[in-house]
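# Results of the structural survey
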Amino acid sequence: MSANGNRLPPGPQGLPILGVSLELLRDVLGLLRRVAREYGDVARIPVLKGDRFLLNHPDLIEQLLVIQQTKFNKSTVSKEATQRLLGQGLLISEGDFWRRQRRLAQPAFHRARINEYAATMVELAQAHAREWRSGETRDMAHEMTATTLDIAVRTLFGTTLPGEAEQVGRAMTFLMRYSLGRARSPVTIPASWPTPRNRRANREYEFLDSLVYRIISERQAQGNSVHHTDLLALLMSAMDEDGSQMTPRQLRDETMTLFLAGHETTALTLSWTWYLLSENPAAEARLHQELSGVLGGRAPELADLERLPYLQAVVNEVLRLYPPAYLLARTSITPSNFGGYDFPVGSTILVSQYVMHRDERFYDDPDAFRPQRWLDGLAARLPAGAYFPFGDGPRRCIGQSFALLESALVIATIAQKFQFRLVAGHPVMPEPLVTLRPRHGIRMTLQARR
Ligand code: HEM
């Protein structure tokens, strides 16, 4: 940090590194909010592995993600954490390679394509809800993961994986905890050492690899004899201008990426929805009223969604308060400047949806769940960069339409059949891993609706 008289952005002073590193392990969200509150729009977070810089203003967030985006790569920290699982998949690849892959994958995510999955989403939500009984208690985070996992498997591969879907979920959860623990820990044991955790990680990686390769090779063996319309088929047939297609390795990386990025985030959106509705009965009642007015108890269809504005507002508000992607990180590849501070090559810059979405300069009563705030044109009034659950700029989420469609349809299907109440005394705490999860799940009692 050199220009402007060697000024460093403000941050915790004294001998904070160990303390802040520990706080980072213990309470990331608390740390981010505290730093933003105490040190302002550009703040420095000193940790053992080097300073991190947090941008806390919509204009600066827009600078990072859109205007100055060519000066940055995805952060090396998040890449190291996910490389083994995601390879060169869209989430972490860079440069020309990323551009080609995004070009090849984009048509699979056009709205018309995505809309074809609407019926599958409703059907699988109904199938899961059919297993539930009034009066019983379930962990809704677990239920929503199982539901979105089935939807991801069916829309990606056009098939179900009997007996394997749960194992896939467990493997993904373990690997996320494992890799993030390694990225955040001040000392890292080499992955090649045969510790129990390293050995389990290897087993889980191998399980996922062999599963995805098996599905790809079954497809290749079928050739054109069977017509598939799922995402994998679209990726397999995608052709670049020069006639080239994805190799099995690239297909594996993209499939794994869509699998991870696609089901977990949407499961969390849904889990937080049931929690927030149960805590806010007036909002829940208004949602029920809208659903019965428009659907009258029947299953939702794509065409219904435009007549369900409050449902859309609920989804927006859930993504504001509990954004599954709560922190984005970039590493600078050329010098940059934010808010008058110069950042040299190699700086790690952070922006946090969780912090920005709860900033009282932009949201009234920011910690309150008030879906109606989205019904009077708030989205148009907010400056770009104040609300970005799906990121922004060229690296914006490719699955945004898919996720919004799935969330709305699953909520509309399930909320007509059941109402959920948090089990008394059950602690609900966001756990910031790669995504923002409820640490102890969300145990709820189910009540059938008439
Ligand atoms: C509520 C659900 C979701 C949320 C909150 C979410 C959030 C995000 C965010 C914030 C990014 C940008 C990351 C960055 O800039 O560093 C991203 C990227 C991405 N998301 Fe999502 N996502 C969701 C659902 C999905 C779904 C359903 C899919 C696929 C089916 C998906 C696939 C991807 C991919 C492939 C990327 C990387 C895009 C690229 O860099 O070209 N996401 N997502």
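Shown above is the structure to which this text applies.
The present account deals with the structure reproduced in this document. (Residues numbered from 1 in each chain as written. Predicted model: local features only at pLDDT ≥ 70, side-chain atom pairs only at ≥ 80, totals over all residues. Heavy atoms only, no water.)

## Some words on the site of the ligand
Around the ligand, 27 residues are found, and the nearest of them are Trp98, Arg102, Arg330, Arg395 and Cys397. Contacts to the ligand include leucine 90, whose backbone N or O atom sits 3.3 Å from an oxygen atom. In the environment of the ligand, an oxygen atom lies 2.8 Å from a nitrogen or oxygen atom belonging to the side chain of tryptophan 98. Sorting the residues of the shell around the ligand by element identifies α6 (95–105), α13 (248–279), β5 (328–332) and α18 (400–415) as the ones contributing at least two each. Top contributing element to the shell around the ligand by residue count: α13, with 6 residues. For the shell around the ligand, the per-class residue count stands at 15 nonpolar, 7 polar and 5 charged. (Near = heavy atom within 4 Å. Polar contact = N/O pair within 3.5 Å; in protein donor to acceptor, adjacent residues only side chain to side chain. Helix = DSSP H or I, 4+ residues; strand = E, 2+ residues; numbered from the N terminus. Nonpolar A, V, L, I, M, F, W, Y, C, P; charged D, E, K, R; others polar.)

## Re the environment of arginine 219
Counting through the fold element by element, arginine 219 comes out in helix α11 (residues 196–222). The class of arginine 219 is buried, set by a relative accessible area of 8%. Sequence separation of arginine 219 and alanine 233 is 14 residues, and the distance between their C-alpha atoms is 8.3 Å. Not counting residues within four places of it along the chain, the set of residues in contact with arginine 219 comprises Phe157, Gly158, His228, Asp230, Leu232, Ala233 and Met236. One polar contact links arginine 219 to aspartate 230, side chain to side chain, over a distance of 2.8 Å. (Buried < 20%, exposed > 50% of the residue type's maximum accessible area, 1.4 Å probe, protein only. Contact = heavy atoms within 4.5 Å.)

## Observations regarding the sheet that holds strand β9 (residues 418–422)
Here we have 3 strands laid out as an open sheet, ordered β4-β12-β9, and antiparallel in their pairing. Each of the sheet's edge strands pairs with one partner strand only, and the pair in question is β4 (137–139) and β9. For this sheet the average axis-to-axis angle between neighbouring strands, irrespective of direction, equals 40°. The pairing of β9 with strand β12 (residues 443–448) spans 5 bridges and is antiparallel. (Pairing = 2+ DSSP bridges. Axes fitted to C-alpha atoms, helices over the stretch in contact; angles between N-to-C directions.)

## Details of the pairing of β5
Counted residue by residue, β5 has 5 buried out of 5 residues, so it is predominantly covered. What you see with β5 is no split at all: Leu328, Arg330 and Ser332 on one side and Ala329 and Thr331 on the other are buried throughout. Bridging between strand β3 (residues 72–74) and β5 involves 3 bridges; their strand directions are antiparallel. Pairing of phenylalanine 72 across the sheet is with serine 332, part of β5. Inspection of the sheet shows β5 paired to strand β8 (residues 348–351) by 4 bridges, in the antiparallel sense. Counted as the bridge partner of leucine 328 is valine 351 from β8.

## Quick look at α6
By the burial criterion, the buried members of α6 are Trp98, Arg100, Gln101, Arg102, Leu104 and Ala105. Packed against the buried residues of α6 are α12 (231–237) and α13.

## Some points on the sheet that holds β5
Pairing is mixed across the open sheet formed by 5 strands, whose spatial order is β1-β2-β8-β5-β3. Looking at the sheet topology across the chains shown, the edges are occupied by β1 (42–45) and β3. When the angles between neighbouring strand axes are averaged without regard to direction, this sheet yields 35°. In this structure, β1 lies alongside strand β2 (residues 52–55), joined through 4 bridges in antiparallel fashion.

## Quick word on the packing of aromatic side chains
Counting across every chain of the model gives 14 aromatic pairs. With a centroid separation of 6.1 Å and 70° between ring planes, the pair formed by tryptophan 272 and tyrosine 275 is classed as edge-to-face. A residue pair is termed a helical-turn pair when its members lie 3 or 4 positions apart in one helix, as tryptophan 272 and tyrosine 275 do in helix α13 at 3 residues. Like tyrosine 275, tryptophan 272 is buried. (Phe/Tyr/Trp six-rings, centres within 6.5 Å; stacked < 30°, edge-to-face > 60°.)

## What to know about the coordination of the iron atom of the ligand
Of the protein atoms, Cys397 (SG) alone serves as a donor to the iron atom of the ligand, at 2.3 Å. With respect to the secondary-structure elements, cysteine 397 resides in the loop between α17 (378–381) and α18. (Donors = N, O, S within 2.8 Å, 3.2 Å for Na, K, Ca; no water.)

## A closer look at the packing of α13 against helix α14 (residues 281–295)
In the contact formed by α13 and α14, the axes pass within 5 Å of each other and the chain directions differ by 110°. On the basis of the axis angle, α13 is roughly perpendicular to α14. Judged by residue contacts, Leu277, Ser278 and Glu279 of α13 engage Pro281, Ala283, Glu284 and Leu287 from α14. Residue composition of the contact of α13 with α14, by class: 4 nonpolar, 1 polar and 2 charged. (Parallel < 35°, antiparallel > 145°, perpendicular 65-115°, else oblique.)

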